[in-house]
Amino acid sequence: MKGNVIVGQSGGPTAAINSSLAGVYRTAIDRGAKKVYGMLHGIEGLLKENYIDLSEHIRNDLDVELLKRTPAAYLGSCRYKLPDIHKDMEIYKKIFEILDKLEIEALVYIGGNDSMDTIKKLSDYAILTGSEIRFIGCPKTIDNDLALTDHTPGYGSAAKYIGTSVKEVIRDSLCLEYSGGVVTIIEIMGRNAGWLTGASILAKGEDCDGPDLIYLPEITFDLKKFEAKVKKLVEQKSSVVVCVSEGIHDKDGKYICELGNNSDFVDAFGHKQLTGTASFLANYIGNKLGCKTRGIELSTLQRAGSHLASRVDILEAYQVGGAAVLAADEGDTGKMVVLVRHSDDPYQCGTEVKDVHKIANDEKLVPKEWISKDGSYITDDFITYVRPLIQGDVSPIMVDGIPRHLYRPTKK
Ligand code: F6P
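Just so it is clear, the model here is predicted, and its values are computed rather than measured. All chains use their own residue numbering, which begins from 1 and follows the written sequence. For this predicted model, a pLDDT threshold of at least 70 governs which residues receive local features, and a threshold of 80 or more governs which side-chain atom pairs are given and counted, while totals over whole chains, interfaces and linings are taken from all residues. Excluded from the side-chain calculations are hydrogens and water; all other atoms, namely the structure's heavy atoms, are used.

## Observations concerning the site of the ligand
Whether a residue is near a molecule or strand depends on its heavy atoms: if one lies within 4 Å, it is near. Around the ligand, the neighbouring residues are Arg79, Ile142, Asp143, Met189, Gly190, Arg191, Glu246 and Arg303. Between arginine 191 and the ligand, the recorded distance is 3.4 Å, taken from a side-chain N or O atom to an oxygen atom. Protein burial of the ligand: of its 400 Å² of free accessible surface, 77% is covered by the chains. Think of it as three bins: nonpolar holds Ala, Val, Leu, Ile, Met, Phe, Trp, Tyr, Cys and Pro, charged holds Asp, Glu, Lys and Arg, and polar takes everything else, Gly as well. Tallied by class, the residues present in the shell around the ligand amount to two nonpolar, one polar and five charged. We call two N or O atoms a polar contact when they sit within 3.5 Å, provided that within protein one can donate a hydrogen and the other can accept it, with sequence-adjacent residues counted only if both atoms are side-chain atoms. Computed with a 1.4 Å probe, the accessible areas rest on the Shrake-Rupley method; for each residue, only the protein chains presented here act as cover.

## Considerations on the layout of surface pockets
Of the pockets and cavities examined, the largest pocket occupies roughly 750 Å³. Each cavity reported here is a set of points on a 1 Å grid over the protein atoms alone in which a 1.4 Å probe fits but cannot get out, each pocket an open set with protein on both sides within 12 Å along at least five of seven lines, and each lining residue one with an atom within 4 Å of a point. For the largest pocket, the lining is made up of 35 residues, of which Arg79, Asp143, Arg191, Asp267 and Arg303 are closest to its centre. Every helix listed is a DSSP run of H or I at least four residues long, and every strand listed is a run of E at least two residues long, numbered separately from the N terminus. If one sorts the elements of the lining of the largest pocket by residue count, helix 5 (residues 113-129) sits on top with three residues. Residue composition of the lining of the largest pocket, grouped by class: seven nonpolar, 16 polar and twelve charged. Grid points are joined across faces, edges and corners, and a volume is the space filled by probe spheres set on the points.

## Digging into the packing of aromatic side chains
By convention, a stacked pair of Phe, Tyr or Trp rings (six-membered ring in the case of Trp) has centres within 6.5 Å and planes under 30 degrees apart, an edge-to-face pair has planes over 60 apart, and any other such pair is tilted. In this structure the tally under the stated criterion is 14 aromatic pairs. One aromatic cluster is present, built from ring pairs that chain together Tyr92, Phe96, Tyr125 and Phe135. Whether a charge sits over a ring depends on NZ of Lys or CZ of Arg being within 6 Å of the ring centre and within 35 degrees of the ring normal. If you follow lysine 68 out to its NZ or CZ, it ends over the ring of tyrosine 318, 4.6 Å from the centre.

## Comments concerning the side chain of threonine 118
Residue position: threonine 118 is located in helix 5. We call two residues in contact when some of their heavy atoms are within 4.5 Å. Aside from chain neighbours lying at most four places away, what touches threonine 118 is Ile43, Tyr80, Leu82 and Tyr109.

## Focus on empty space enclosed by the protein
By the definition in use, this model includes two cavities of 30 Å³ or more. In this structure, the largest cavity occupies an estimated 40 Å³ of space. Forming the boundary of the largest cavity are Lys68, Arg69, Ser306, Ala309, Ile314, Val394 and Pro396. Across the lining of the largest cavity, the residue classes tally to four nonpolar, one polar and two charged.

See the structure below:
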């Protein structure tokens, strides 16, 4: 590479996004980039000229290894929507002035479907104005809802965390016997896509029956039918564990969490904050059936749990970071790196690049055939798909009994 590289992180954090950052950094240096800059808080921070020279922060091999094991977004993230190119050219002029000043040859943006909208718009603007800067998307999201890629880095580690945590909750719920039984509702992230909630089935094995019911947001949720199903189960067993997506909704599209005390917060992409489904359903069932209930929201824990990261996930995250730099160096722009699965067993997967215009703002949902007919469970196809992605461990580097992270001092 002749010029410099700049990299940003955007959208919801994951346990693997920093491994992609490490992959971008290492590959850019190996390919001869003079400098690798990191935008602080994505494109929003770049607009305020907030960036760092990564070589001043990632000083040696140990730092790279720590970065790969550090959850959240080392550079800070943002949920920022660039305006339509033809509506506000000024903002693009400003971004390109900053990029030119830094002698940027390639910009890599690590993010999900909303972040790919940024790559799409920046690459379109570059073509429109004859800029030679290349723009490449690097996939990331625990939601696993990006189109054209078999899966997204970040998903495997979150799936492993969810499968493990659900199994531990099931184990716990079997200890104490309450007259009338106990119903535990576990709420899992994923908005409109049920990939994460489906991963709760990983709790099932020789030593565990797994969740009793699994509800994905791809299927309309019927409160009355749900109540009837739980009632029947409570009559048969002392503990019932139900996994629900934060995005389950009724036939009118109203989120179930909105039936309770939900927050009204909406982000720049118009996404409503989803929270409170588990506590609403736990209260609802408790009142209707008169049994003990508990609502558990896995919330941030499921995307920050790097102590339970999947080795496959962390390695693939690193690999897609490198592939993004390689693609830019070979002249690609307006593309996103995708993971292409060649086989399940043995698991084999490689990378390619695809047109970001076909990915941005789209959502890949769980296929309907992978969901049981009555919408309250998932099929074995889902297990075949997800199991390879959670394999292997990445040992945290422990200091004083707690995982050590790569830490970037931040000023207020
Ligand atoms: O996009 C990833 C995600 O983790 C979604 O699953 C979830 O709905 C959302 O982010 C939550 O975002 P925030 O932490 O900004 O509330």
